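# Structural characterization, general
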Amino acid sequence: MNETGPKIKTRFPPSPTGALHLGGARTALFNWLFARHHGGSFVFRLEDTDRQRSKDEYAGSIIAAMRWLGLDYDEGPYYQSQRFDRYRQAVDCLLDSGRAYWCHCSPQDLERQRAQAHAAGQKPRYNGACRERNLGPAPGAVARLKTSPEGTTGFADLVKGDITFANNELDDLIILRSDNSPTYHLAVVVDDIDMGITHVIRGDDHISNTPRQILIYQALGAKTPLFAHVPMILGPDKGKLSKRHGATAVIDYEEEGYLPQAILNMLARLGWSHGDQEIFSLDELINLFDLKAVGSSPSVFDHDRLLNLNHHYIQRSDPADLVPILLPFLARAGVNNPDRAILLKCLPHIMPRGRTLKELAHWAEPYLLDQPRPEAGVKEKFLTPAHKPLLQQLLEVIEANQADPEPALKRLSQETGLKPGNLLPILRAALTGRNSSPGIYQVMDILGMEKTLARIRLALAEID
RNA sequence: GUCUCCAUCGUCUAGCCCGGUCCAGGACACCGGCCUUUCACGCCGGCGACAGGGGUUCGAAUCCCCUUGGAGACGCCA
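Being a predicted model, the structure only gives us computed values, none of them experimental.

Cis rather than trans, the peptide bond between Gly76 and Pro77 has omega equal to 0°. In the Ramachandran plot, Asn134 falls in the positive-phi region, its phi being about 55° despite a non-glycine side chain. For Asn134, the position within the fold is in the loop between helix 4 (107-119) and strand 5 (142-145).

Turning to the sheet that holds strand 4 (residues 100-103), a few remarks are in order. Read from one edge of the open sheet, three strands run 4-5-8, paired in antiparallel fashion. Of all the strands in the sheet, just strand 4 and strand 8 (174-176) have a single pairing partner and so form its edges. Each adjacent strand pair in this sheet contributes to an overall mean axis angle of 45°, direction not counted. One ladder, built from two bridges, connects strand 5 with strand 8; its direction is antiparallel. Residue pairing for strand 8: Ala143 is matched across the bridge by Leu176. Together, strand 4, strand 5 and strand 8 form the strand contacts of helix 3 (residues 84-96), whose direction differs from that of strand 4 by roughly 100°.

Attention now moves to the packing of aromatic side chains. For the coordinates displayed, the defined rule picks out nine aromatic pairs. A ring pair is formed by Phe30 and Phe289, whose centres lie 5.0 Å apart and whose planes are at 50°; its orientation type is tilted. With Phe30 in helix 1 (residues 22-37) and Phe289 in the loop between helix 9 (282-288) and strand 12 (299-300), the pair connects residues that are 259 residues apart, well separated along the chain. Measuring from ring centre to ring centre gives 5.3 Å for Tyr253 and Tyr258, while their planes differ by 70°; the resulting arrangement is edge-to-face. The exposure class of Tyr253 is buried, given its relative accessible area of 3%. The structure contains a cluster of three or more aromatic residues connected by ring pairs, namely Phe30, Trp272, Phe280 and Phe289. Over the face of the ring belonging to Tyr126 we find Arg144, whose NZ or CZ atom lies 3.4 Å from the ring centre.

A separate point is the pattern of salt bridges. Applying the stated criterion across every chain, the model contains 30 salt bridges. One salt bridge in this structure joins Asp72 and Arg36, with 3.5 Å as the shortest N-O distance. With Asp72 in the loop between helix 2 (56-69) and strand 3 (75-79) and Arg36 in helix 1, this pair connects stretches of sequence that are 36 residues apart. A salt bridge links Asp445 to Lys345; its shortest N-O distance comes to 3.8 Å. Here Lys345 lies in helix 12 (residues 340-350) and Asp445 lies in helix 18 (residues 440-447), a separation of 100 residues in the sequence. Among the residues examined, Lys345 registers a relative accessible area of 37% and is labelled partly exposed.

Now for the protein's contact with RNA strand B. Surveying the vicinity of RNA strand B reveals 64 residues, the closest of which are Thr49, Arg177, Gly271, Arg353 and Ser437. Within 4 Å of the protein, the atoms of RNA strand B are drawn from sugar and phosphate moieties in a proportion of 69%. Asp50 is positioned with one of its side-chain polar atoms (N or O) 3.0 Å from a sugar or linking oxygen of RNA strand B. A distance of 2.9 Å separates a sugar or linking oxygen of RNA strand B from a polar atom in the backbone of Pro124. Among the secondary structure elements, those contributing two or more residues to the surface near RNA strand B are helix 4, strand 7 (161-166), helix 5 (184-194), strand 12, helix 10 (303-315), helix 17 (420-432) and helix 18. When the residues that make up the surface near RNA strand B are grouped by side-chain class, the tally is 19 nonpolar, 26 polar and 19 charged.

In this section: helix 11 (residues 319-332). The end-to-end C-alpha distance of helix 11, which contains 14 residues, comes to 20 Å, matching closely the 20 Å that a straight helix rising 1.5 Å per residue would cover. When the local axis directions of helix 11 are compared, the greatest deviation, roughly 45°, occurs at Leu326, which is followed within four positions by the proline Pro328. Taken residue by residue, helix 11 has Pro319, Leu322, Val323, Leu326, Phe329 and Leu330 as its buried positions. Against the buried residues of helix 11 lie helix 7 (250-256), helix 10, helix 12 and helix 13 (357-368).

Moving on to the packing of helix 11 against helix 13. One way to put it is that helix 11 packs onto helix 13 with a least axis distance of 9 Å and a crossing angle of 85°. Taken together, the axis directions place helix 11 and helix 13 in an arrangement best described as roughly perpendicular. For the pair helix 11 and helix 13, the contacting residues are Leu322, Ile325, Leu326, Phe329 and Leu330 in the first and Leu357, Lys358, Leu360, Ala361, Ala364 and Leu368 in the second. Class assignment of the residues belonging to the contact of helix 11 with helix 13 gives a composition of ten nonpolar, no polar and one charged.

With that out of the way, let us pick up the domain arrangement of chain A. What the domain assignment lists for chain A is domain 1 (9-77 + 233-305), domain 2 (83-230), domain 3 (317-368) and domain 4 (378-462). Averaged C-alpha coordinates put domain 3 and domain 4 at centres separated by 23 Å. Taken residue by residue, the interface counts eleven residues in domain 3 and twelve residues in domain 4. On the domain 3 side of the contact with domain 4, His349, Pro366 and Tyr367 bury the most area, a combined 52% of that side's loss. Listing elements by their share of the side of domain 3 that touches domain 4, those giving two or more residues are helix 12 and helix 13. Across the side of domain 3 that touches domain 4, the residue classes break down as six nonpolar, two polar and three charged.

The rules behind the values
- Residues numbered from 1 in each chain as written.
- Chains lettered and ligands numbered in written order.
- Predicted model: local features only at pLDDT ≥ 70, side-chain atom pairs only at ≥ 80, totals over all residues.
- Heavy atoms only, no water.
- Helix = DSSP H or I, 4+ residues; strand = E, 2+ residues; numbered from the N terminus.
- Pairing = 2+ DSSP bridges.
- Axes fitted to C-alpha atoms, helices over the stretch in contact; angles between N-to-C directions.
- Contact = heavy atoms within 4.5 Å.
- Phe/Tyr/Trp six-rings, centres within 6.5 Å; stacked < 30°, edge-to-face > 60°.
- Buried < 20%, exposed > 50% of the residue type's maximum accessible area, 1.4 Å probe, protein only.
- Lys NZ or Arg CZ within 6 Å of the ring centre and 35° of its normal.
- Salt bridge = Lys/Arg side-chain N within 4 Å of Asp/Glu carboxyl O.
- Near = heavy atom within 4 Å.
- Polar contact = N/O pair within 3.5 Å; in protein donor to acceptor, adjacent residues only side chain to side chain.
- Nonpolar A, V, L, I, M, F, W, Y, C, P; charged D, E, K, R; others polar.
- Expected span 1.5 Å × (residues − 1).
- Bend = angle between axes of the 7 residues up to and from the residue.
- Parallel < 35°, antiparallel > 145°, perpendicular 65-115°, else oblique.
- Domains from an automatic or database assignment.
- Buried area = accessible area lost by both parts, 1.4 Å probe.

Now the structure itself:
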């Protein structure tokens, strides 16, 4: 898998201004897979130059989400806020060499310039007022990169192909803010140079940023990395995926009871494919992942598909592995300190019907509680005074045939002239408090004869 | 508005680079059937797409152009 040539190095640089969302997670996954596939390394960096919006708690939650997904990194987390000296040094270098200059325009000036450009049918931009003024630093001043309006800047994108921008579309972007902090464009480039990043794989909302960043690489005299812009993940309305589409944070899915492997599989198949294959283990993903197979059109996130994948992975899990991760979900459903043996025993029967851990907990609940908690309508439908004689008969038949109640129950069905479909739901209601469950004989087996009989007696006692 | 990207079933996609094997394949969802003591699982079947228009060619989902539509960017956010 290792290729000759320089070692491949990718990175994932979220800004800690919110939780890790699905789009970010997929970007991280692609970078991670690409690095792992090529035996390269993967760098994790927090872009927290905006001190107003960056929060430590977000950094922590992003790190936790990465760990939960299993996306481990070889370097980092680096924090841009700890590298301000380095950025300042780079800015000074650009200033000294005349590739950058001080600009004294106020935010209000800029606002006016943008309005003018827009009115003229142009892209809103800075008009270069301070470009040739040779100004020095001053309170409120910013440093801008001097960009030639001549020519074009392009790059060979690894997923989109050749992309070219006319330089006169670009304005002189700010690289150092008036509070002396570096801007995003400057900081990413300096970091990617310093950290030796060879491949920048990111969302295609960064395409228009790329020529500007290439210009910074050039001004700094550095070699540009290779770029791969991955199409975005859209919401059902085909707009940028956002909170109004429901859960978008990775952590939301963890709380809903999704398995990391299902999320990873889902994310990998959004934009990337390998023939008709839908299910991929992590190893397969690493082996097969290739930027050439990444599509160029955006994709809508389909929640049903994720549910289906999650169900797939749950069904194929080892029940013993499910027990520990199910505990928090059971606790939230009101089941504390469940009997693990019973849980393990019922799991194979409920795994086909629990698509998430949350649903699994719901299905497991009747067997773990001391007494069943009847769901709405169940008592009224199956445990009324009219059912009492039947339930009494059921009790007697089961009690008399504890070793194997099935044949006796079938006989009862014949004797009473009641189809199993009319007889057994009563038993189910008494044993589980539900109108659906695994097969009734399996339910009795999970519960054990002692509890089975006790629950029927309890139901009998409660009917009045 | 300007620039850039994108365009196959409702959705994710295969096929497109290297035109014929595609009256377009798979998956999810949906519908129907089977299995069945319930709900599921499972199995079988069905519905369903090359955005439109021009070229090029014996032949185009595949190549070219235009139109339309969608998205993104345009910030002292990242």
